[in-house]
Amino acid sequence: MQETLNYINENKLRFVDELFELLRIASISADPAYKNEVLLCADKVAEHLKNAGADDVEVCQTKGYPIVFGQKLIDKNLPTILVYGHYDVQPPDPLELWRKPPFEPYIEKTELHPDGAIFARGSADDKGQFFMQIKAFEAMMKTNTLPCNIKFIFEGEEEVGSVSLGDFVNEFKEKLSCDCILISDTHIYSNEQPTVTTGLRGLSYVEVEVEGPNRDLHSGLYGGAVPNPIHVLSRMIAKLIDDDGQITVDGFYDNVEDVSDADRADMNKLKDNPEEFKKSIGLNGVEGEAGYTTLERTSIRPTLDCNGIWGGYTGEGAKTVIPSKASAKISMRLVPYQTPEEITEKFTKYFEKIAPDNVRVKVTPHHGGMPYVLPSDTKEFLAAKNAMETAFGKEVLPYRSGGSIPITSLFEQVLGAKSVLMGFGLDSDAIHSPNEHYGLFNFYKGIESIPLFFENYSK
């Protein structure tokens, strides 16, 4: 492996320059105005795969944005690893909170990243991370050290629910057949305490609407006599969580995984530090479900959050109206044995139940996804753990993340393969937020660790 590591060392600056090219492309899948940028990004990813040494590279059309595929098959008797990533990014709003334009990448040192971090939308989620896979592959190809077969699949719709991926995987499951899947779209606990993600929460995402009068009303002529949908919706949302942080939806906890005391003790070896946690996000205090640590609340427990709320007049100046409607978006993170279908149905029934008789309510389901767990005694986990321990020179612990990657369950169901969640970001990288960034240390450690994983898993 030393030859491979030498190649990586010699080409570090070029790798960053090439990543900057990708980061300058505003591949925002949620906004149709950026369609051409998303398509351009797919073509650029395909170009990088070809240049790295992949065969059969193609930009596969779907009913949405394209999926980029490539492979290198060296021996049918060797294992095959499928690498997954996504080239689409979140919208950068609110733009005024970015220190520099979100699609003009730059490097800046921070307290957590003394070697510098790459600031740009998509730097950590997921361009910087999947690009590590391409560069690690290039290093193995250039040094003739690729120890197994490899396939790549990069999609352009992860940030909008991977709407085309399921059909693609089902249609081309023979083409995508593999022994395991490698995903770099998660984070480690810290640079001092590297981890391999062994669990992800699932997701149920809904939009709710409360409708009152048949039009916006003058607040002077009607105020005090009619229901205000904003007030009603606010009270209804407040009822969804009680004073102990428990979600009040009927039956919400029926199928929640019962994590053993031993597993909870292992999890808390990660030295949950409430003061550091508060400092990192600018809070004076934290809250959540009673009886659980912050680490547990953000990983093994389900949650419910209001992600956005609107209604009435929000423009400049004043407009004295009682709005006809008010709406909100709500996400629920799920844990093993909960399903998005079950939770969406229970939420809908409960939301309708707590609505006053003088308004009408509507619940519109959006995308969802299943939770996922990779046991820490599997060969997939151990190959990743040993690879990262070699690269970091430190013990690597298992770690359950609070985020969701719905395709992990899809891959296991259709392809019959486990996903290894070997990400290298930090939870402070501001993904989905202004000033997203990704540490150079983390970027390089990822490129070093990935060839070691391939070697370990092949053995």
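The following paragraphs examine the structure supplied in this document. Since this is a predicted model, take the numbers as computed values, not measurements.

**Observations concerning the pattern of salt bridges**
Counting across every chain of the model gives 25 salt bridges. Measuring nitrogen to oxygen at the nearest pair gives 2.5 Å for the salt bridge that ties Glu58 to Lys175. You can see Glu58 sitting in strand 1 (residues 55-60) and its partner Lys175 sitting in the loop between helix 5 (165-171) and strand 7 (180-183), a full 117 residues away along the chain. Assessed through its relative accessible area of 33%, Glu58 is described here as partly exposed. On the basis of relative accessible area, Lys175 is assigned to the partly exposed category, the value being 25%. Notably, a salt bridge pairs Lys385 with Glu389, separated by 2.9 Å at the nearest N-O pair. With Lys385 and Glu389 both in helix 12 (residues 379-392) and four residues apart, the pair spans about one turn of that helix. On the accessibility criterion, Lys385 (17% relative accessible area) is buried. What makes Glu389 partly exposed here is its relative accessible area of 23%.

**What to know about the packing of helix 1 (residues 2-10) against helix 4 (residues 127-142)**
Packing of helix 1 against helix 4 leaves a shortest axis separation of 9 Å and a crossing angle of 125°. Taken as axis vectors, helix 1 and helix 4 run oblique relative to one another. For the pair helix 1 and helix 4, the crossing hand works out as right-handed. Every residue of helix 4 that contacts helix 1 at Thr4, Tyr7 and Ile8 is listed here: Glu138, Ala139, Met140 and Lys142. By residue class, the composition of the contact of helix 1 with helix 4 is four nonpolar, one polar and two charged.

**Regarding the side chain of Ser162**
Among the secondary structure elements, Ser162 is positioned in the loop between strand 6 (149-155) and helix 5. Judged by relative accessible area, Ser162 falls into the buried class, the value being 13%. At 2.7 Å, the side chain of Ser162 forms a polar contact with the side chain of Glu155. Sequence-distant contacts of Ser162, that is, excluding residues within four places in its chain, are made with Tyr84, Glu155, Glu157 and Ile407.

**A short note on the sheet that holds strand 4 (residues 106-108)**
Strand pairing in a sheet relies on backbone hydrogen bonds, with the paired strands running either antiparallel or parallel. Strand order in the open sheet formed by three strands is 4-5-18, with antiparallel pairing between adjacent strands. Edge strands, defined here as strands with exactly one partner in the open sheet, are strand 4 and strand 18 (437-439). Across this sheet, the average inter-strand angle for adjacent strands is 30°, counted without regard to direction. Sitting on the sheet, helix 2 (residues 12-23) is in contact with strand 4 and strand 5 (117-119), with an inclination near 25° to strand 5.

**Here we look at the pairing of strand 1**
Bridging between strand 1 and strand 2 (residues 67-72) involves four bridges; their strand directions are antiparallel. Following the sheet pairing, Glu58 is matched in strand 2 by Phe69. What sits between the antiparallel neighbours strand 1 and strand 2 is a turn of six residues.

**Section: the packing of aromatic side chains**
The tally for this structure, following the rule as stated, stands at 15 aromatic pairs. With 4.7 Å between their ring centres and 35° between their planes, Phe130 and Phe154 make a pair best called tilted. A residue pair is termed long-range when its members are at least 10 positions apart, and Phe130 in helix 4 and Phe154 in strand 6 qualify at 24 residues. On the basis of relative accessible area, Phe130 is assigned to the buried category, the value being 0%. Note on Phe392 and Phe441: the rings are 6.0 Å apart at their centroids and 75° apart in plane angle, and the pair reads as edge-to-face. Of this pair, Phe392 sits in helix 12 while Phe441 is found in helix 14 (residues 440-458), placing the two residues 49 residues apart along the sequence. Judged by relative accessible area, which is 28%, Phe441 ranks as partly exposed.

**So, helix 2**
The terminal C-alpha atoms of helix 2 lie 17 Å apart, and with 12 residues this matches the ideal 16 Å at 1.5 Å per residue to within 8%. For helix 2, the full list of buried residues reads Phe15, Val16, Glu18, Leu19, Phe20, Leu22 and Leu23. In this structure, the buried residues of helix 2 make contact with helix 1, helix 3 (35-52), strand 4, strand 5, helix 4 and helix 14.

**Things to note about the sheet that holds strand 9 (residues 202-211)**
In spatial order, the strands read 11-13-9-14; together these four strands make up an open sheet with antiparallel pairing. Two strands in the sheet have a free side with no partner beyond their single neighbour: strand 11 (303-311) and strand 14 (360-369). Here the strands of the sheet are splayed against their neighbours by 20° on average, with no regard to which way each runs. When strand 9 meets strand 14, the two strands line up antiparallel, connected through eight bridges. Across the sheet, residue Ser204 finds its bridge partner in strand 14, namely Gly368. The strands touched by helix 7 (residues 229-238) are strand 9, strand 11, strand 13 (325-334) and strand 14; relative to strand 13, the strand with the most contacts, the crossing angle is about 15°.

**Focus: the nonpolar core**
Core analysis: the biggest nonpolar cluster contains 89 residues, and Tyr87, Phe154, Phe443, Phe453 and Phe454 have the highest contact counts within it. In terms of residues, this core owes the most to one element, helix 14, which gives nine residues. Among all residues touching Phe154, those that are not within four sequence positions of it are Val45, Leu49, Pro66, Ile67, Val68, Val83, Tyr84, Gly85, Tyr87, Phe130 and Ile134. Membership of the second largest hydrophobic core comes to 25 residues, among which are Leu240, Ile247, Ala326 and Ile354.

Thresholds applied
- Residues numbered from 1 in each chain as written.
- Predicted model: local features only at pLDDT ≥ 70, side-chain atom pairs only at ≥ 80, totals over all residues.
- Heavy atoms only, no water.
- Salt bridge = Lys/Arg side-chain N within 4 Å of Asp/Glu carboxyl O.
- Helix = DSSP H or I, 4+ residues; strand = E, 2+ residues; numbered from the N terminus.
- Buried < 20%, exposed > 50% of the residue type's maximum accessible area, 1.4 Å probe, protein only.
- Axes fitted to C-alpha atoms, helices over the stretch in contact; angles between N-to-C directions.
- Parallel < 35°, antiparallel > 145°, perpendicular 65-115°, else oblique.
- Left-handed = near helix turned anticlockwise from the far one by under 90°.
- Contact = heavy atoms within 4.5 Å.
- Nonpolar A, V, L, I, M, F, W, Y, C, P; charged D, E, K, R; others polar.
- Polar contact = N/O pair within 3.5 Å; in protein donor to acceptor, adjacent residues only side chain to side chain.
- Pairing = 2+ DSSP bridges.
- Phe/Tyr/Trp six-rings, centres within 6.5 Å; stacked < 30°, edge-to-face > 60°.
- Expected span 1.5 Å × (residues − 1).
- Core = buried A, V, L, I, M, F, W, Y, C linked by side-chain atoms within 4.5 Å.

Such coordinate-based values are descriptive only and should not be taken to indicate function.
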